[in-house]
Amino acid sequence: MSSEASLLAAAQRLADAERQGDVRALEQLLASDYAGYDPAGRPQDRSSVVRAYADGSVRVTILEQRDLRARVMGEVGLVAGVSKLQGSQGAELFDFTLRFLDVYAWRDGRWQLVASQDTHLPR
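Read on for an overview of the structure.

Regarding the pattern of salt bridges
Tallied over the full model, the rule gives 5 salt bridges. Among the ionic pairs, Asp16 bridges to Arg19, the shortest N-O distance being 2.8 Å. Note that Asp16 and Arg19 are positioned in helix α1 (residues 4-20) at a spacing of 3 residues, about one turn of the helix. Since its relative accessible area comes to 25%, Asp16 is described here as partly exposed. Notably, a salt bridge pairs Arg42 with Asp38, separated by 2.7 Å at the nearest N-O pair.

Laid out in structure tokens, this is it:
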């Protein structure tokens, strides 16, 4: 069912997949037409995100979310909140907090992430 509770559950599965490096779950949760921007403002698509986790160039050690809000409008869902992330991308360590807005679409009986935008928050 495409409710706010199921949308938040999908968002939690996405956070878990990122934290655990679960490529199979990422492939299920990211739409084939996913388009977003990483915290540095670089564009990303489904294949670049999946590849980064699959080859180990991105590793998330901490991903904590708070202030989550979900809104469902027909077959579109929005999830907004704040994430604290720590990990590495290549040889570079990262440790930051960001505000995010994720756009999901209800497709094939499940929520899939179709777009995302992150904004760094000051320390």
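Quick word on the packing of aromatic side chains
The geometry of an aromatic ring pair is captured by two quantities: the separation of the ring centres and the angle between the planes. The tally for this structure, following the rule as stated, stands at 2 aromatic pairs. With a centroid separation of 5.4 Å and 35° between ring planes, the pair formed by Phe94 and Phe96 is classed as tilted. As far as the burial class goes, Phe94 and Phe96 line up, both buried. Seen in terms of ring centroids, Trp106 and Trp111 are 5.2 Å apart; in terms of plane orientation they differ by 70°. Their pairing is edge-to-face. Each member of the pair, Trp106 as well as Trp111, carries the same accessibility label: buried.

Considering the nonpolar core
Buried together is how nonpolar side chains tend to be arranged in soluble globular proteins. One finds Leu14, Leu26, Leu30, Val60, Val79, Leu85 and Tyr104 to be the most contacted residues of the largest nonpolar core, which totals 28 residues. At the level of elements, α1, α2 (23-29), β1 (30-37), α3 (46-54), β3 (58-73), β4 (76-89), β5 (92-107) and β6 (110-120) are the ones that each hand at least two residues to this core. Excluding anything up to four places from it in sequence, Tyr104 contacts Leu7, Ala10, Ala11, Leu14, Glu75, Val76, Gly77, Val79, Trp111, Gln112, Leu113 and Val114.

Overview of the layout of surface pockets
In this structure, the largest pocket occupies an estimated 850 Å³ of space. Glu18, Asp38, Pro39, Gln44 and Asp118 are, among the 41 residues lining the largest pocket, the residues nearest its centre. Within the residue set of the lining of the largest pocket, elements represented by two or more residues are α1, β1, β2 (43-45), α3, β3, β4, β5 and β6. Here the lining of the largest pocket gets 8 residues from one element, more than from any other, and that element is β5.

Here we look at unusual backbone geometry
Although it is not a glycine, Asp67 sits at a positive phi angle of roughly 55°. Mapping Asp67 onto the fold places it in strand β3. Its identity is not glycine, yet Asp108 carries a phi of approximately 50°, on the positive side. With respect to the helices and strands, the residue Asp108 is situated in the loop between β5 and β6.

Let's talk about the environment of Asp95
Along the chain, Asp95 falls in strand β5. By relative accessible area, Asp95 is classed as partly exposed at 30%. Excluding its chain neighbours within four sequence positions, the residues that come into contact with Asp95 are Lys84, Leu85, Gln86 and Arg123. Polar contacts involving the side chain of Asp95 include one to the side chain of Lys84, which spans 2.4 Å. Polar side-chain contacts of Asp95 include one of 3.3 Å to the side chain of Gln86.

The rules behind these values
- Residues numbered from 1 in each chain as written.
- Predicted model: local features only at pLDDT ≥ 70, side-chain atom pairs only at ≥ 80, totals over all residues.
- Heavy atoms only, no water.
- Salt bridge = Lys/Arg side-chain N within 4 Å of Asp/Glu carboxyl O.
- Helix = DSSP H or I, 4+ residues; strand = E, 2+ residues; numbered from the N terminus.
- Buried < 20%, exposed > 50% of the residue type's maximum accessible area, 1.4 Å probe, protein only.
- Phe/Tyr/Trp six-rings, centres within 6.5 Å; stacked < 30°, edge-to-face > 60°.
- Core = buried A, V, L, I, M, F, W, Y, C linked by side-chain atoms within 4.5 Å.
- Contact = heavy atoms within 4.5 Å.
- 1 Å grid on protein atoms, 1.4 Å probe; cavity = no way out; pocket = protein on both sides within 12 Å on 5 of 7 lines; lining within 4 Å.
- Points joined across faces, edges and corners; volume = space filled by probe spheres on them.
- Polar contact = N/O pair within 3.5 Å; in protein donor to acceptor, adjacent residues only side chain to side chain.

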